[in-house]
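Overview (structure and organization)
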Amino acid sequence: LDLDLATPADGLVAALAGIDRPLRVSVKGKGDWQDWKGRIAADLDGTQLARLSLSARNGLFHLKGDTRPDRPMEGPPARLLGPVLDLDLSARLARRVADLSGELSSEGLRATVAGKADLGGSRFDGLRLGIDLLRPERLLDGLQAQAVRADLELEGAFAAPEIGYRLTARQAAL
(Lines give C-alpha, C1' and ligand atoms only; values in the text may rest on other atoms or scores of the structure.)
Protein backbone atom coordinates (compact mmCIF):
# COMPACT_ATOMS: atom_id res chain seq x y z
CA LEU A 1 0.00 0.00 0.00
CA ASP A 2 1.34 3.41 -0.93
CA LEU A 3 -1.18 6.25 -0.64
CA ASP A 4 -0.46 9.97 -0.73
CA LEU A 5 -3.32 12.44 -0.46
CA ALA A 6 -2.90 16.20 -0.65
CA THR A 7 -5.94 18.42 -0.49
CA PRO A 8 -6.10 22.20 -0.66
CA ALA A 9 -7.88 24.24 2.00
CA ASP A 10 -10.89 24.68 -0.28
CA GLY A 11 -10.93 21.11 -1.61
CA LEU A 12 -13.51 18.35 -1.34
CA VAL A 13 -11.66 16.30 1.32
CA ALA A 14 -11.08 19.38 3.48
CA ALA A 15 -14.78 20.25 3.22
CA LEU A 16 -15.83 16.69 4.15
CA ALA A 17 -13.41 16.72 7.10
CA GLY A 18 -14.68 20.13 8.25
CA ILE A 19 -11.31 21.84 8.01
CA ASP A 20 -10.27 24.97 6.18
CA ARG A 21 -6.54 24.31 5.83
CA PRO A 22 -4.49 22.15 3.47
CA LEU A 23 -4.20 18.51 4.53
CA ARG A 24 -1.61 15.91 3.49
CA VAL A 25 -1.98 12.24 4.44
CA SER A 26 0.44 9.44 3.64
CA VAL A 27 -0.26 5.76 4.29
CA LYS A 28 2.49 3.28 3.51
CA GLY A 29 2.70 -0.39 4.33
CA LYS A 30 3.86 -3.84 3.34
CA GLY A 31 2.66 -7.35 3.90
CA ASP A 32 -0.46 -9.40 3.40
CA TRP A 33 -3.70 -10.12 5.31
CA GLN A 34 -1.85 -12.39 7.75
CA ASP A 35 0.93 -9.90 8.56
CA TRP A 36 0.85 -6.24 7.51
CA LYS A 37 2.83 -3.30 8.89
CA GLY A 38 2.48 0.32 7.94
CA ARG A 39 2.79 3.98 8.86
CA ILE A 40 0.33 6.86 8.69
CA ALA A 41 1.58 10.43 8.57
CA ALA A 42 -0.72 13.45 8.41
CA ASP A 43 0.14 17.13 8.23
CA LEU A 44 -2.30 20.02 8.53
CA ASP A 45 -1.26 23.32 6.98
CA GLY A 46 2.35 22.09 6.84
CA THR A 47 2.58 21.11 10.52
CA GLN A 48 2.54 17.62 12.02
CA LEU A 49 -0.95 16.32 12.82
CA ALA A 50 -0.31 12.57 13.31
CA ARG A 51 2.44 9.98 13.17
CA LEU A 52 1.03 6.49 13.67
CA SER A 53 2.06 2.91 13.14
CA LEU A 54 -0.62 0.48 12.02
CA SER A 55 -0.25 -3.28 11.99
CA ALA A 56 -2.50 -6.24 11.27
CA ARG A 57 -1.72 -9.83 12.12
CA ASN A 58 -4.30 -12.60 11.78
CA GLY A 59 -7.27 -10.37 12.61
CA LEU A 60 -5.56 -8.28 15.30
CA PHE A 61 -5.16 -4.62 14.33
CA HIS A 62 -2.96 -2.27 16.35
CA LEU A 63 -2.69 1.53 16.07
CA LYS A 64 0.00 3.35 18.01
CA GLY A 65 1.53 6.80 17.91
CA ASP A 66 0.81 10.42 18.55
CA THR A 67 -1.53 13.04 17.21
CA ARG A 68 -1.78 16.80 17.64
CA PRO A 69 -5.57 17.30 18.09
CA ASP A 70 -5.14 20.92 19.11
CA ARG A 71 -4.23 21.76 15.49
CA PRO A 72 -7.65 21.10 13.91
CA MET A 73 -9.67 21.75 17.12
CA GLU A 74 -10.29 24.74 19.35
CA GLY A 75 -11.60 25.39 22.83
CA PRO A 76 -11.92 22.88 25.68
CA PRO A 77 -11.49 19.73 23.52
CA ALA A 78 -8.19 21.05 22.13
CA ARG A 79 -6.96 22.09 25.59
CA LEU A 80 -7.91 18.73 27.11
CA LEU A 81 -6.58 16.49 24.33
CA GLY A 82 -3.51 18.52 23.37
CA PRO A 83 -0.89 19.36 22.75
CA VAL A 84 -0.06 15.69 22.08
CA LEU A 85 -2.52 12.79 22.30
CA ASP A 86 -0.82 9.39 22.45
CA LEU A 87 -2.81 6.45 21.07
CA ASP A 88 -2.30 2.77 21.76
CA LEU A 89 -5.39 0.92 20.49
CA SER A 90 -6.05 -2.66 19.43
CA ALA A 91 -8.99 -4.37 17.77
CA ARG A 92 -9.43 -8.07 17.18
CA LEU A 93 -11.88 -8.58 14.33
CA ALA A 94 -13.90 -11.76 13.95
CA ARG A 95 -17.26 -12.16 12.19
CA ARG A 96 -17.61 -8.35 11.87
CA VAL A 97 -17.26 -7.86 15.64
CA ALA A 98 -14.37 -5.74 16.94
CA ASP A 99 -13.08 -6.58 20.40
CA LEU A 100 -11.46 -3.27 21.37
CA SER A 101 -8.87 -2.37 23.97
CA GLY A 102 -6.42 0.42 24.49
CA GLU A 103 -5.43 3.76 25.92
CA LEU A 104 -5.44 7.41 24.96
CA SER A 105 -3.38 9.87 26.97
CA SER A 106 -2.47 13.53 26.94
CA GLU A 107 -1.40 16.12 29.50
CA GLY A 108 -5.11 16.68 30.24
CA LEU A 109 -6.57 13.18 30.38
CA ARG A 110 -6.01 9.46 30.34
CA ALA A 111 -8.67 7.18 28.87
CA THR A 112 -9.04 3.43 28.49
CA VAL A 113 -11.40 1.50 26.24
CA ALA A 114 -12.43 -2.15 26.42
CA GLY A 115 -15.34 -4.03 24.94
CA LYS A 116 -17.02 -4.97 21.73
CA ALA A 117 -18.52 -3.18 18.76
CA ASP A 118 -20.63 -5.24 16.34
CA LEU A 119 -19.82 -3.62 13.01
CA GLY A 120 -22.28 -5.80 11.10
CA GLY A 121 -25.16 -4.97 13.44
CA SER A 122 -24.00 -1.37 14.12
CA ARG A 123 -24.20 -1.98 17.88
CA PHE A 124 -22.09 -1.58 20.99
CA ASP A 125 -21.83 -4.65 23.21
CA GLY A 126 -20.63 -3.61 26.66
CA LEU A 127 -18.06 -1.09 25.42
CA ARG A 128 -16.48 0.46 28.53
CA LEU A 129 -14.64 3.77 28.70
CA GLY A 130 -12.70 5.00 31.70
CA ILE A 131 -11.61 8.64 31.67
CA ASP A 132 -9.40 10.34 34.25
CA LEU A 133 -9.16 14.13 34.01
CA LEU A 134 -5.56 14.97 34.83
CA ARG A 135 -5.97 18.72 34.23
CA PRO A 136 -9.68 19.52 34.89
CA GLU A 137 -9.12 23.25 34.44
CA ARG A 138 -8.55 22.61 30.74
CA LEU A 139 -12.14 21.38 30.44
CA LEU A 140 -13.73 24.43 32.06
CA ASP A 141 -12.08 27.71 32.99
CA GLY A 142 -12.07 28.16 36.76
CA LEU A 143 -12.74 24.48 37.51
CA GLN A 144 -10.71 23.28 40.46
CA ALA A 145 -10.98 19.54 40.99
CA GLN A 146 -9.07 16.49 42.13
CA ALA A 147 -9.37 12.83 41.17
CA VAL A 148 -12.07 13.40 38.53
CA ARG A 149 -13.11 10.16 36.81
CA ALA A 150 -15.85 9.11 34.42
CA ASP A 151 -16.75 5.47 33.82
CA LEU A 152 -19.09 4.85 30.91
CA GLU A 153 -20.61 1.76 29.35
CA LEU A 154 -22.22 1.84 25.91
CA GLU A 155 -24.82 -0.73 24.90
CA GLY A 156 -27.05 -0.88 21.84
CA ALA A 157 -27.28 0.80 18.45
CA PHE A 158 -24.45 3.10 17.36
CA ALA A 159 -27.03 5.76 16.42
CA ALA A 160 -28.69 5.83 19.86
CA PRO A 161 -26.84 3.76 22.45
CA GLU A 162 -27.81 3.41 26.07
CA ILE A 163 -25.03 4.99 28.11
CA GLY A 164 -24.52 4.04 31.71
CA TYR A 165 -22.15 6.32 33.57
CA ARG A 166 -20.61 7.11 36.90
CA LEU A 167 -18.85 10.42 37.59
CA THR A 168 -16.67 10.82 40.66
CA ALA A 169 -14.39 13.50 42.07
CA ARG A 170 -12.60 13.78 45.36
CA GLN A 171 -13.19 17.54 45.24
CA ALA A 172 -14.69 19.98 42.70
CA ALA A 173 -15.31 23.73 42.80
CA LEU A 174 -15.95 26.56 40.33
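See the structure above.
These notes cover the structure that comes with them. (Residues numbered from 1 in each chain as written. Predicted model: local features only at pLDDT ≥ 70, side-chain atom pairs only at ≥ 80, totals over all residues. Heavy atoms only, no water.)

**As for the pairing of strand β7 (residues 97-105)**
For the record, the criterion: Here, a strand pair is defined by DSSP locating no fewer than two bridges between the strands. Helix and strand definitions here come from DSSP, where helices need a minimum of 4 consecutive H or I residues and strands a minimum of 2 consecutive E residues; each element is numbered from the N-terminal end.
Summarising the sheet, strand β6 (residues 85-94) and β7 pair through 9 bridges and their orientation is antiparallel. Looking at β7, one finds that leucine 87 is bridged to leucine 104. Where β6 hands over to β7, the hairpin turn is made up of 2 residues, of which arginine 95 adopts a positive phi near 55°. As paired strands, β7 and strand β8 (residues 109-118) are joined by 9 bridges and run antiparallel to one another. The residue of β8 that forms the bridge with glycine 102 is valine 113. The turn linking β7 back onto β8 is made up of 3 residues.

**As for the environment of glycine 31**
Worth spelling out the cut-off: Partly exposed residues are those whose accessible area sits between 20% and 50% of the maximum for their type, while under 20% is buried and over 50% is exposed, using a 1.4 Å probe and protein chains only.
Tracing the chain through its elements places glycine 31 in strand β2 (residues 23-31). The class of glycine 31 is exposed, set by a relative accessible area of 58%. C-alpha separation for the pair glycine 31 and proline 83, spaced 52 residues apart in sequence, amounts to 33 Å.

That's the geometry; what it means functionally is another story.
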